[in-house]
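In case you want the letters, here they are:
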Amino acid sequence: MEKTGYIEIQITGTKGALPLTQDTYDIREIRELLDKAEDLLFPGQRATGRPVISYDIREGSVVHRLRTSLQAVIGFTAVLSQLQNSQSTDFLEPPTANAFDSFQQIAIRQDYVFQVTTSVVSAPILRIDKTTRFFHEAPICVDAEFYFYGEITNMGGKTRPNFHIVTDHGTVLVQTPKDFLEQYERNPLYKTFGLRARGKQNVETGEIDTANLEFEEIIPYEPVFDEEYLQKLRDKAKDSWKDVVDPDEWLQQLRGTE
Amino acid sequence: MTGLLVDTGFLIRLLNENEELNRNATDYYRFCLERQIPILRSTIAICGILCQGTGQ
């Protein structure tokens, strides 16, 4: 059985008074389309970690054919079906939604018609033209504060001083004022710390914009049982809790479940 | 065990020495720290504690 398949993007339209053909289709337009093709099939993946995508361009007016693993093509066929039904890119991962947004922009700007399909039998043909609305809404991001715990593996830098902290979710860079790094007396390298940072977070996906995290505080992280420390906390809390006879009842009242 | 999720009730018992479950909460706390088990809590659990003015 064939282990590869293809997706096909047919573009029809005119270039001034001339019909769109391979002869009138500019290489810039090919480049623009190829830039997006990878995100259609393998959003967010690097070239080294995905199957090869090969390419050829055919007549009719202009037909782009992108060949890759059959599994990826079958997946993309399902995406096309969902797009056909919903006429919206809201369900897609951002890179893929951006690729369709880009086609939609071109369709309006150039009055082109895109027809996207695949080699899978009975695959839908998705039409994008100046009347469709496959726009990708910019994600709603809010200001948020984060705590990252892990080993600090790097600090400093000439132009954008920062901390590198290795967390359970990968290495995070936190932009940190040079003054702070200069004056911080402890050596935090290769030790576990917490970093409090400010940044942006997508309210729908919870995704953190790790490219723009700003340092707030470094927190020593020493997970040892310290009776003295705990007692200090209890002494501070004593007055606050003296009137709470039944914590369960207090919580129920607080949460409005009673 | 990869982590222990605690709610406001646990934090109250840990902080309030007069609570009859204070010893249990303390033992769980010590157990997790000694075995390097992360103690996780939601923001809303912390808000509950803050309502009573003991956030530290």
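Attention here is on the structure that accompanies the text.

What counts, and where the lines are drawn
- Residues numbered from 1 in each chain as written.
- Chains lettered and ligands numbered in written order.
- Predicted model: local features only at pLDDT ≥ 70, side-chain atom pairs only at ≥ 80, totals over all residues.
- Pairing = 2+ DSSP bridges.
- Helix = DSSP H or I, 4+ residues; strand = E, 2+ residues; numbered from the N terminus.
- Buried ≥ 20, exposed ≤ 12 C-beta atoms within 10 Å, placed from the backbone.
- Contact = placed C-beta atoms within 7 Å.
- Axes fitted to C-alpha atoms, helices over the stretch in contact; angles between N-to-C directions.
- Parallel < 35°, antiparallel > 145°, perpendicular 65-115°, else oblique.
- Left-handed = near helix turned anticlockwise from the far one by under 90°.
- Nonpolar A, V, L, I, M, F, W, Y, C, P; charged D, E, K, R; others polar.
- Expected span 1.5 Å × (residues − 1).
- Arc of directions from axis to C-beta.

1. A few points about the pairing of strand β5 (residues 62–69) of chain A
Residues and elements named next belong to chain A.
Stage number 1. With 8 bridges joining them, strand β1 (residues 4–12) and β5 adopt antiparallel strand pairing. In the sheet register, Ile9 faces β5, and the bridge partner there is His64.
Stage number 2. Relative to β5, strand β4 (residues 54–59) runs antiparallel, the two sharing 6 bridges. Note that in β5 the partner of Arg58 across the bridge is Val63.
Stage number 3. Hairpin geometry of β4 and β5 is characterised by an intervening segment of 2 residues between the two adjacent antiparallel strands and by a positive phi of about 125° at Gly60.

2. Remarks on the environment of Thr153(A)
Residue and element names in this part refer to chain A.
Stage number 1. Looking at the secondary structure, you find Thr153 in strand β8 (residues 141–156).
Stage number 2. Here Thr153 falls in the partly exposed class, since 13 other C-beta atoms lie within 10 Å of it.
Stage number 3. For the pair Thr153 and Tyr190, spaced 37 residues apart in sequence, the C-alpha to C-alpha distance is 5.4 Å.
Stage number 4. Dropping the residues within four chain positions of it, Thr153 is found in contact with His164, Val166 and Tyr190.

3. What to know about the packing of helix α6 (residues 247–255) of chain A against helix α1 (residues 8–15) of chain B
Stage number 1. Look at α6(A) against α1(B): their axes get within 10 Å of each other, and the N-to-C directions meet at 135°. With respect to α1(B), the element α6(A) is oriented oblique. Both α6(A) and α1(B) take part in a crossing whose hand is right-handed. Where α6(A) abuts α1(B), its residues Pro247(A), Asp248(A) and Leu251(A) lie against Thr8(B), Gly9(B), Ile12(B) and Arg13(B).
Stage number 2. Along the lines of polarity and charge, the residues of the contact of α6(A) with α1(B) split into 3 nonpolar, 2 polar and 2 charged.

4. Things to note about the sheet that holds strand β7 (residues 126–128) of chain A
Residue and element names in this part refer to chain A.
Stage number 1. Strand order in the open sheet made by the 5 strands is β4-β5-β1-β6-β7, with antiparallel pairing throughout. Strand pairing shows two members of the sheet lacking a second neighbour, β4 and β7, which therefore form its edges. Neighbouring strand axes in the sheet, compared pairwise and without regard to direction, differ in orientation by 20° on average.
Stage number 2. Where β1 lies against strand β6 (residues 113–118), 6 bridges are found, and the strand directions are antiparallel. Bridging from a neighbouring strand, Glu8 pairs with Thr117 of β6.
Stage number 3. Against the sheet, helix α2 (residues 70–86) touches β1, β5, β6 and β7, its axis set at about 40° to β1.

5. Points about α2(A)
Residues and elements named next belong to chain A.
Stage number 1. Helix length check: α2, at 17 residues, gives a terminal C-alpha distance of 24 Å against a target of 24 Å (1.5 Å per residue), a fit within 8%.
Stage number 2. Every buried residue of α2 is listed here: Ala72, Val73, Phe76, Thr77, Val79 and Leu83. On an axial view of α2, the arc spanned by its buried residues comes to 165°, and they lie on one face. With respect to the buried face of α2, the exposed residues turned more than 90 degrees away are Gln71, Asn85 and Ser86.

Remember that the coordinates give geometry; whether it matters functionally is a separate question.
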